[in-house]
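Coordinate analysis (summary)
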Amino acid sequence: MKYVKVTAIFLALCMAFAFAACSKKQADGNTTPAVPSQEPLSGAEVEPDVKFLAAYFPYDESSVKAAELISKQTGAKLFALETENGYPEKADECAARAKDEKAQNVRPSLKNKLDSISPYSVVFICTPLWEDDLPMAFYTFFEDYDMRDRIILPICSSADKDAAEKCEVLIKGTLGDTAVTLGGFLVSPGAEPDEDAMKAYIQQSLYE
C-alpha cells in the first residue's frame, strides 16, 4: 500500500491530517497525530518533530539495531518493550520462556510507559518472530495503547524468509481495521540492517 492510499484512509478516519511535521489540536485538547510530509527521507536530516515511534523488543539484538537505524533515519522516538520479569540471556532459555508465554496467552507487564500514543502517526514494530508469533510483550503494547489511526510498519527479525509477511498478518489480525498496517521489512538475525534497503522501504511505504 502506497502513501497516497494510506493518506486517503487517514483522511477518512481522522477527517483532517496536515501534510506537515506538526500536530493539530482537537477541541478537547488531545493531539491528533501528524502525517509526515512527502519530502524524501534523508537520514538523520529528517525534521525532528515528525511523529514517528519505533517500538522494539530489547531482548533481540537485531530488533534493537533495526530500531536504532530507524531512529537515525527518521528521528523516531525509541520505545523499548522491556518487561518486568525480563528474559533469559541464553537463546534456548529465552525461546522456552516465549513458548510458555504464548501457550498461556500471558500479557507481560512493561516497565516503560509512554505519556500518550497520540502524537505518533507512524509506529514501527521491531520484533523477532517466535513460535510463528510476536513476543507477547507486543500484545501488551497493543492493549495498553490505543492504536487507532496509526500507520504500522512491521520490521521483523527472523531466518524465515516469510517472516515479514507473517508479522504483518499477525498485527492486522490483532488491530484489524483500526490501524493501517503496511507490508513488513525482514532483518536477518545477527546481521547489521541494510541502511539503504531500510531507507528505501520507508520511502516506498510512506512517500511513493
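Here, every reference points to the structure presented above.
Residues numbered from 1 in each chain as written. Predicted model: local features only at pLDDT ≥ 70, side-chain atom pairs only at ≥ 80, totals over all residues. Heavy atoms only, no water.

**A closer look at the pattern of salt bridges**
- What the rule picks out here adds up to 10 salt bridges.
- Put simply, Lys65 and Glu192 hold a salt bridge, and the shortest N to O gap is 2.8 Å. Residue Lys65 is located in helix 2 (residues 61-74), and its partner Glu192 is located in the loop between strand 8 (185-187) and helix 6 (195-207); the two are separated by 127 residues in the primary sequence.
- The salt bridge involving Asp132 is made with Lys166; its shortest N-O contact spans 3.3 Å. Of the two residues, Asp132 is situated in the loop between strand 5 (122-128) and helix 4 (136-144) and Lys166 in helix 5 (residues 163-175); the sequence distance between them amounts to 34 residues.
- Exposure remark for Asp132: the relative accessible area of 49% places this residue in the partly exposed category. (Salt bridge = Lys/Arg side-chain N within 4 Å of Asp/Glu carboxyl O. Helix = DSSP H or I, 4+ residues; strand = E, 2+ residues; numbered from the N terminus. Buried < 20%, exposed > 50% of the residue type's maximum accessible area, 1.4 Å probe, protein only.)

**A word on helix 4**
- Among the 9 residues that make up helix 4, 7 are buried, leaving the element largely enclosed by the rest of the structure.
- Three or more residues of helix 4 are buried, namely Met136, Ala137, Phe138, Tyr139, Thr140, Phe141 and Phe142.
- The inward-facing, buried residues of helix 4 abut strand 3 (52-56), strand 4 (77-80), helix 3 (91-104), strand 5 and helix 5. (Contact = heavy atoms within 4.5 Å.)

**Some words on the pairing of strand 4**
- The sheet contact formed by strand 3 and strand 4 spans 4 bridges and is parallel. Its bridge partner being in strand 4, Ala55 is matched across the sheet by Phe79.
- As a crossover connection, the stretch from strand 3 through helix 2 into strand 4 is right-handed. (Pairing = 2+ DSSP bridges. Right-handed = clockwise from strand over helix to strand, strands pointing away.)

This is a description of form; function is not addressed.
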